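Architecture at a glance
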Amino acid sequence: MQEIEVIRTKEDVQLKDPILIVGLPGVGHVGKLVAEHIVEELDAEKIIEIYSHHFPPQVLVDENSEIQLVNNELFVCHTEKHDIIVLIGDHQSSSTEGHYKLCTVYLELAQEFGVQRIYTLGGFPTGQLTHSNEVLGAVNNIELIEELKEYGVTFKEGEPGGGIVGASGLLLGLSKFKNIDAACLMGLTSGYLVDPKSAQSLLKVICKIFEIDIDEGPLEERAKEMEKIVARLKEVEQQQKGMPEMGTVNDEDLRYIG
């Protein structure tokens, strides 16, 4: 196997004014949830599989006990305004070198398909269990800011303070050298849990940008279940505040959290 293997599952792909959306695993899995939901709801067609030894040495096992080597995939969704290429996957690179090499491949594919705009999706960790519908943005071209504000994206001076780690940030930096406009859109999330509620907020912004309607039902159901867990976590937190010593959560609480 080569260092990075690109397998085309469909040849001669013709696209109309394509835009790339990147939703790989990250904080709260916010971007991953949104991208996978778009692929499912818009009946996307898979066009490329990407395998690499920069991914963790792991296979996934399905319900039939059959294995699948971890990979990233490119799908195409057709909409009236744009064709959307969606990059989703099981993992990001497990090394710094791999991040750069994989992002270079992603950008080469984007150029091949004529992409002139990239949106990377992710989560912005707040450390708080309270929810906010806010979507924070960062761009590689300052001219994008006013446009994205019209869709409800907020921009704060110096935020994210620690920068953007992984493909969501690196693609913005590298695409600037390719003269491709790019923005990172981040749903606010605690950073502790998979966050479908934050994914809903981010999905609403994406729907405005592309002028499309996508059923939020599945995300809504997952969000309701997660709200129950968050409520229980808050309850445990309050109990701990009233205790003389920390670390006294009972076994039932621990089982619920796990």
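Refer to the preceding data block for the structure.
Residues numbered from 1 in each chain as written. Predicted model: local features only at pLDDT ≥ 70, side-chain atom pairs only at ≥ 80, totals over all residues. Heavy atoms only, no water.

**Looking at the overall build of the protein**
- Scanning the protein from N- to C-terminus turns up seven helices and eleven strands.
- Computed over its C-alpha atoms, the radius of gyration of the protein comes to 19 Å, within 12% of the 18 Å expected for a compact globule of 258 residues.
- Dimensions of the protein along its principal axes, counting C-alpha atoms only, are 65 × 50 × 35 Å.
- Evaluated residue by residue, the protein yields a buried proportion of 47% over its 258 residues.
- Put simply, 76% of the contacts in the protein that link residues at least 6 apart link residues at least 24 apart.
- Accessible area of the protein: about 13,500 Å², with a carbon and sulfur share of 49%.
- Distance from the positive charge centre (22 side chains) to the negative charge centre (44 side chains) of the protein: 4 Å. (Helix = DSSP H or I, 4+ residues; strand = E, 2+ residues; numbered from the N terminus. Rg over C-alpha atoms; globule rule 2.2 N^0.38 Å. Buried < 20%, exposed > 50% of the residue type's maximum accessible area, 1.4 Å probe, protein only. Contact = heavy atoms within 4.5 Å. Areas by Shrake-Rupley, 256 points an atom, 1.4 Å probe, with all protein chains shown as cover. Lys, Arg positive; Asp, Glu negative; His and termini not counted. Charge placed at Lys NZ, Arg CZ, Asp CG, Glu CD.)

**Examining empty space enclosed by the protein**
- Scanning the model with the defined rule gives two cavities of 30 Å³ or more in all.
- Of the volumes computed, that of the largest cavity is approximately 50 Å³.
- Leu20, Leu74, Ile85, Leu87, Tyr106, Leu109, Ala110, Phe113 and Val115 are the residues that line the largest cavity.
- Put simply, the parts of the chain that give the lining of the largest cavity at least two residues each are strand 7 (83-89) and helix 2 (96-112).
- Looking at which element gives the most residues to the lining of the largest cavity, the answer is helix 2, with three residues.
- Grouping the amino acids of the lining of the largest cavity by side-chain chemistry returns nine nonpolar, no polar and no charged.
- The calculated volume of the second largest cavity comes to roughly 40 Å³. (1 Å grid on protein atoms, 1.4 Å probe; cavity = no way out; pocket = protein on both sides within 12 Å on 5 of 7 lines; lining within 4 Å. Points joined across faces, edges and corners; volume = space filled by probe spheres on them. Nonpolar A, V, L, I, M, F, W, Y, C, P; charged D, E, K, R; others polar.)

**Observations concerning the nonpolar core**
- Formed by 37 residues in total, the largest nonpolar core has its most connected members in Leu20, Leu74, Tyr106 and Ile118.
- Here the element with the most residues in this core is helix 2; it accounts for seven residues.
- Within the second largest apolar cluster, 34 residues are counted, among which are Ile21, Ile84, Leu121 and Val153. (Core = buried A, V, L, I, M, F, W, Y, C linked by side-chain atoms within 4.5 Å.)

**Examining the sheet that holds strand 2 (residues 19-23)**
- Read across the open sheet, the nine strands follow the order 1-3-6-7-2-8-11-9-10; overall the sheet is mixed. Either end of the sheet is taken by a strand with one partner, and the two such strands are strand 1 (4-8) and strand 10 (153-154).
- Examined bridge by bridge, strand 9 (residues 135-139) and strand 11 (residues 181-189) share five bridges and lie antiparallel to one another. What sits directly across from Leu136, in strand 11, is Met186.
- Against the sheet, helix 2 contacts strand 1, strand 2, strand 3 (45-52), strand 6 (72-78), strand 7 and strand 8 (117-125), and its axis sits at roughly 30° relative to strand 1. (Pairing = 2+ DSSP bridges. Axes fitted to C-alpha atoms, helices over the stretch in contact; angles between N-to-C directions.)

**Observations regarding the layout of surface pockets**
- The space that makes up the largest pocket amounts to roughly 280 Å³.
- Lining the largest pocket are 19 residues, and of these Val27, Gly123, Ile164, Val165 and Ser168 sit closest to its centre.
- Among the elements that take part in the lining of the largest pocket, strand 8 stands out by supplying five residues, more than any other.

**A word on the side chain of Thr120**
- As for its position among the elements, Thr120 is in strand 8.
- Assessed through its relative accessible area of 0%, Thr120 is described here as buried.
- Ignoring sequence-local partners within four residues, the contact set of Thr120 consists of Val22, Ala167, Ser168, Leu171, Leu172, Ala183, Cys184 and Leu185.

**Quick word on the pairing of strand 7**
- Within strand 7, seven of the seven residues are buried, leaving the element largely enclosed by the surrounding structure.
- Across five bridges, strand 2 lies against strand 7 in parallel orientation. When the bridges of strand 7 are listed, Leu20 appears paired with Ile85.
- Pairing geometry for strand 6 and strand 7, over seven bridges, is antiparallel. Along strand 7, the bridge assignment pairs Leu74 with Leu87.
- Joining the antiparallel neighbours strand 6 and strand 7 is a turn of four residues.

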